[in-house]
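# Commentary on secondary and tertiary structure
The chain contents come next:
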Amino acid sequence: MPNALRMIKDRQKAMFSVLLAVRTIARRAMRSDGKADFPHLKSLLEYLDRFPEKLHQPNEERYLFKAILSREPSLSRVVARAQRDHAASKGYLVRLRAALQDWEDNVEGGMSQTAIVADDYVRFARRHARIEERDLLSVARKVLNEKDWQEVERVFSAAADPLAASKSRQECTMAVRQFSGLAA
Ligand SMILES: [Fe+2]
């Protein structure tokens, strides 16, 4: 598998893990006293904003999708759909941030809304990953040449994702801690 595709999978996994963590924290709080570590939750959302949403998805569009289109122009509708998904994904993050803020401000329903939006967001991200694999990455494997892959890999490597690079749960926890420090 080209290294760039492995990087996409690792980044998707990191994104899903972060969203599942937000969902789990909110669901647990609903079953207990409703309290949460808000700085930690905010650092998880900050990660989603900085890496998957503002770096990885734009890089996919600018480099990977562009390379696929230059080899296979008939995929323009499929690429347009993936781009619409990326835009919609940002909408989920806006809603998640608003729900979390409501929860922290003790607004009625904020905590349950955080769990619901995190769940919707991860379902959407997983569906997007499945469709991207089926309609775009499977074609990329066939039509992109060595040079195309090197260029995509170069750009993806430059946008070093601290969570996707983590190899274990412990490393992930450390990366989030470090990231919270950076985000503070
Ligand atoms: Fe994508």
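Right above here is the structure, for reference.
Figured I'd write up the structure that's included with this text. (Residues numbered from 1 in each chain as written. Predicted model: local features only at pLDDT ≥ 70, side-chain atom pairs only at ≥ 80, totals over all residues.)

### What to know about helix α3 (residues 76–104)
Three or four residues apart is the spacing at which side chains of an α-helix point the same way, because the helix has 3.6 residues per turn. Taking 1.5 Å of rise per residue, the 29 residues of α3 would be expected to cover 42 Å, and the 43 Å separating its terminal C-alpha atoms lies within 8% of that figure. Inspection of α3 places Val79, Ala82, Tyr92, Leu96, Ala99, Leu100 and Trp103 among the buried residues, and these make up the whole buried set. In this structure, the buried side of α3 is in contact with α2 (38–71) and α4 (110–143). Just downstream of α3, Asn106 is the residue with a positive phi angle, here 60°. (Helix = DSSP H or I, 4+ residues; strand = E, 2+ residues; numbered from the N terminus. Expected span 1.5 Å × (residues − 1). Buried ≥ 20, exposed ≤ 12 C-beta atoms within 10 Å, placed from the backbone. Contact = placed C-beta atoms within 7 Å.)

### Overview of the nonpolar core
It is characteristic of soluble globular proteins that their nonpolar side chains tend to be buried jointly. Within the largest apolar cluster, 25 residues are counted, with the highest numbers of intra-cluster contacts made by Val18, Leu19, Val22, Leu44, Leu96, Ala118 and Tyr121. Excluding its chain neighbours within four sequence positions, the residues that come into contact with Ala118 are Leu19, Val22, Arg23, Ala26 and Leu96. Counting 14 residues, the second largest nonpolar core, distinct from the first, contains Ile8, Phe65, Ala82 and Leu144. (Core = buried A, V, L, I, M, F, W, Y, C linked by C-beta atoms within 7 Å.)

### Comments concerning the environment of Gln113
The topology assignment puts Gln113 in helix α4. Considering only alpha carbons, one finds Gln113 and Trp103, 10 residues apart in sequence, at a separation of 8.3 Å.

### Observations regarding the packing of helix α1 (residues 3–31) against α2
Taken N-terminus to C-terminus, the directions of α1 and α2 make an angle of 155°; their axes are 10 Å apart at the nearest point. In terms of their interaxial angle, α1 and α2 are classed as roughly antiparallel. Regarding α1 and α2, the two cross each other, and that crossing is left-handed. Within the contact between the two elements, α1 uses Arg11, Met15, Val18, Ala21, Val22 and Ile25 and α2 uses Leu41, Leu44, Tyr47, Leu48, Pro52 and His56. Looking at side-chain class alone, the contact of α1 with α2 contains 10 nonpolar, one polar and one charged residues. (Axes fitted to C-alpha atoms, helices over the stretch in contact; angles between N-to-C directions. Parallel < 35°, antiparallel > 145°, perpendicular 65-115°, else oblique. Left-handed = near helix turned anticlockwise from the far one by under 90°. Nonpolar A, V, L, I, M, F, W, Y, C, P; charged D, E, K, R; others polar.)

### Remarks on helix α5 (residues 146–158)
Its 13 residues give α5 an end-to-end C-alpha distance of 18 Å, which sits within 8% of 18 Å, the value for a rise of 1.5 Å per residue. Residues Asp148, Val152 and Phe156 constitute the buried set of α5. Across the axial projection of α5, the buried residues extend over an arc of 60°, all falling on one side. Opposite the buried face of α5, by more than 90 degrees, sit the exposed residues Glu146, Lys147, Arg154, Ser157 and Ala158. Buried positions along α5 lie against α1 and α2. (Arc of directions from axis to C-beta.)

### Observations concerning the packing of α3 against α4
Between α3 and α4, the shortest axis-to-axis distance is 9 Å and the interhelical angle comes to 165°. Classified by the interaxial angle, the pair formed by α3 and α4 is roughly antiparallel. Handedness of the α3/α4 crossing: left-handed. When its residues are assigned to classes, the contact of α3 with α4 shows 15 nonpolar, five polar and six charged.

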